[in-house]
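Report on the structure
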Amino acid sequence: MTDYVFRLVTVADLPLLAEWLEQPHVRRWWGEPEKALVSIEEHLRDLTVELYIVTLDDRDFAFIQVADLDDEDDAALNGQPEGTCGIDQFIGIETLLGKGHGPAFMANFCRALFDRGKNRVLVDPHPDNIVAIRAYTKAGFQRLGETTTNYGRALLMALDRQENDRQ
């Protein structure tokens, strides 16, 4: 198994994230880089969101964030079990796309969330983002259906902690 390291994002990582957000494959789904970077900066001060740089072989290559959704005010997310969180991520280095890293590091990250007591992990890719949907499926996520969240059209997908994983 590949060893991915998840380290907390610091202010010093913002230039790297800005560079990644400019990449066409990231920009397509994350929108205007300046606006996305402001959102990431705001999340650095938000205790309900954790931001991580994903490292492989001592090389930073991806970003992942997790948010506690138990008190989320998005109607599209109503009815989720207690202990639900949402993740968003991207691979910043284009040459590492299509090599299985996305599903692998997401699966590792979700296992760590389940070890911390989370019961469900949600993702909400745009329904046209076939590459992301394929990666989530490979990581074990199941489709819940299309919806409209506070951020727009989405295909809601979930990965649930298995009974044998419960403490």
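First, a word on scope: everything that follows refers to the structure included in this document. (Residues numbered from 1 in each chain as written. Predicted model: local features only at pLDDT ≥ 70, side-chain atom pairs only at ≥ 80, totals over all residues. Heavy atoms only, no water.)

All right, on to the pairing of strand 7 (residues 152-160) then. Bridge count between strand 5 (residues 120-123) and strand 7: 4 bridges; the pairing is antiparallel. Residue pairing across strands places Leu122 opposite Ala158, the latter belonging to strand 7. Across 7 bridges, strand 6 (residues 142-149) lies against strand 7 in antiparallel orientation. Residue pairing across strands places Arg143 opposite Met157, the latter belonging to strand 7. Connecting the antiparallel pair strand 6 and strand 7 is a turn made up of 2 residues. (Pairing = 2+ DSSP bridges. Helix = DSSP H or I, 4+ residues; strand = E, 2+ residues; numbered from the N terminus.)

This brings us to the environment of Ile133. Tracing the backbone shows Ile133 in helix 5 (residues 130-138). Taking the C-alpha atoms as reference points, Ile133 and Arg143, separated by 10 residues in sequence, lie 9.0 Å from one another. Sequence-distant contacts of Ile133, that is, excluding residues within four places in its chain, are made with Pro125, His126, Pro127, Arg143, Leu155 and Met157. (Contact = heavy atoms within 4.5 Å.)

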